[in-house]
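What follows is each chain in one-letter form.
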Amino acid sequence: MSNEKLNTIYGKSTFTYLSEKDTAFGKDDYHVTLEVPKDKAQVHVKTIEDIISKEVAEQHKLTPNNTAPLKRANKPYKEEGDIVTFKLHSKFKPKVWDKSQKEIGAEVNIWKGSTMWVNYKAQGYNKSIGLGCTLYISSVQIDDLVQGSADGSQCPFPKRETNGGVEFKNAGKVISL
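Scope of this entry: the structure provided in the associated data block. (Residues numbered from 1 in each chain as written. Predicted model: local features only at pLDDT ≥ 70, side-chain atom pairs only at ≥ 80, totals over all residues. Heavy atoms only, no water.)

### Here's the deal with the overall build of the chain
Convention followed: Under the DSSP-based scheme used, a helix requires at least four consecutive residues in state H or I and a strand at least two consecutive residues in state E, with every element numbered from the N terminus. Type-normalised accessible area, obtained with a 1.4 Å probe on protein chains alone, sets the label of each residue: buried when under 20%, exposed when over 50%, and partly exposed for intermediate values. For this analysis, residues touch if any pair of their heavy atoms sits within 4.5 Å.
For the chain, the count of helices and strands is one helix and nine strands. Along its sequence from the N terminus, the chain presents helices and strands in the succession β-β-α-β-β-β-β-β-β-β. Taken across its 177 residues, the chain has 34% of its residues classed as buried. Of the contacts formed within the chain by residues at least 6 apart in sequence, a portion of 70% connects residues at least 24 apart.

### A few points about the packing of aromatic side chains
In this description, a pair of aromatic rings is defined by centroid distance and the angle of the planes. Where we set the bar: When the centres of two rings from Phe, Tyr and Trp lie within 6.5 Å, Trp using its six-membered ring, the rings pair. Their planes under 30 degrees apart give stacked, over 60 give edge-to-face, and anything left gives tilted. A ring is considered to have a charge above it if a Lys NZ or an Arg CZ atom is located within 6 Å of its centre and within 35 degrees of its normal.
One pass over the full model with this rule turns up two aromatic pairs. Taking 4.8 Å as the distance between ring centres and 50 degrees as the angle between the ring planes, the aromatic pair formed by tyrosine 10 and tryptophan 117 counts as tilted. Remark: tryptophan 117 occurs in strand β6 (residues 115-127) and tyrosine 10 occurs in strand β1 (residues 4-22); sequence separation between them is 107 residues. Note on tyrosine 77 and phenylalanine 86: the rings are 6.1 Å apart at their centroids and 40 degrees apart in plane angle, and the pair reads as tilted. When its relative accessible area of 13% is taken as the criterion, tyrosine 77 is described as buried. Here the basic side chain of lysine 127 rests over the ring of tyrosine 125, its NZ or CZ set 5.3 Å away from the ring centre.

### Thoughts on the environment of proline 37
When you line up the elements, proline 37 lands in strand β2 (residues 29-37). Taking the C-alpha atoms as reference points, proline 37 and glycine 81, separated by 44 residues in sequence, lie 9.3 Å from one another. Residues within four places of proline 37 in sequence aside, it is in contact with Asp82 and Ile83.

### Some remarks on the pattern of salt bridges
We count it as follows: Salt bridge, as used here, is a side-chain nitrogen of Lys or Arg placed within 4 Å of a carboxyl oxygen of Asp or Glu.
Evaluation of the coordinates by the stated rule reveals seven salt bridges. The partner of aspartate 143 in a salt bridge is lysine 99, and the shortest N-O contact between them spans 3.6 Å. Of this pair, aspartate 143 sits in strand β7 (residues 130-144) while lysine 99 sits in the loop between β5 (95-97) and β6, and the two are 44 residues apart along the sequence. Note on aspartate 143: relative accessible area 21%, which makes it partly exposed.

### Details of the pairing of β1
Here is the rule we go by: Think of it this way: DSSP has to see at least two bridges between two strands before they count as a pair.
In terms of strand pairing, β1 meets β6 through nine bridges, oriented antiparallel. Of the residues in β6, the one forming a bridge with asparagine 7 is tyrosine 120. Linking β1 back to β2 in an antiparallel pair, the connection comprises six residues, with phenylalanine 25 at a positive phi of about 55 degrees.

### Thoughts on helix α1 (residues 38-62)
The test is simple: To estimate the expected span of a helix, subtract one from its residue number and multiply by 1.5 Å.
Along its 25 residues, α1 runs 35 Å from first to last C-alpha, staying within 8% of the 36 Å computed at 1.5 Å per residue. Taken residue by residue, α1 has Ala41, His44, Val45, Thr47, Ile48, Ile51, Ile52, Glu55, Val56 and Gln59 as its buried positions. Looking at the buried residues of α1, the elements they touch are β1, β2, β3 (77-80), β4 (83-90), β6 and β7.

### Quick word on the layout of surface pockets
Rules: A pocket, in this scheme, is an open set of points on a 1 Å grid over the protein atoms alone with protein on both sides within 12 Å along at least 5 of 7 lines, while a cavity is a set where a 1.4 Å probe fits but cannot get out; residues line either one if an atom lies within 4 Å of a point. Grid points are joined across faces, edges and corners, and a volume is the space filled by probe spheres set on the points. Under the scheme applied here, ten amino acids are nonpolar (Ala, Val, Leu, Ile, Met, Phe, Trp, Tyr, Cys and Pro), four are charged (Asp, Glu, Lys and Arg), and all others, including Gly, are polar.
In this model, the largest pocket occupies a volume close to 590 Å³. Lining the largest pocket are 23 residues; nearest its centre among them are Lys27, Thr33, Lys87, Leu88 and His89. Counting residues per element, the ones that place at least two in the lining of the largest pocket are β1, β2, β3, β4 and β7. It is β2 that contributes the most residues to the lining of the largest pocket, five residues altogether. Residue classes in the lining of the largest pocket are distributed as seven nonpolar, six polar and ten charged.

Below, the structure written as structure tokens:
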């Protein structure tokens, strides 16, 4: 029996690897962490908790004589005051569109601070790490795009003239280095 549900969530990204895979620290996937106001997150939290409850019920059916508490995996969300952060991921590059339904190309680097809708599949699991739920990204639509690059080639600051030196506030003059 498949224990999954399709949903759409809207939030502001804090960690964004949608343009290219995150390969640091043994990872090899596309992922995004979304901040969602607590009042708008409750429907997603309830969906996740319902899926985990179904996984627990299925495990109890399989092992009715086991009365020990079941091991639980980390949840894909965390409540932090008035904000709930959700972690969503995919092994495959998700399709990404802008507000006008035009596909965003691979050359566009989506950075943190972008707001977006993410279509995801919430799927329960029972693995050695415990019972839990994973949020798999299927597609993304960007509402407000924040772009950037790791090498600084898309610097957010305007070009400024330096007159060949660096000015220190207390020096009173430009000192050439």
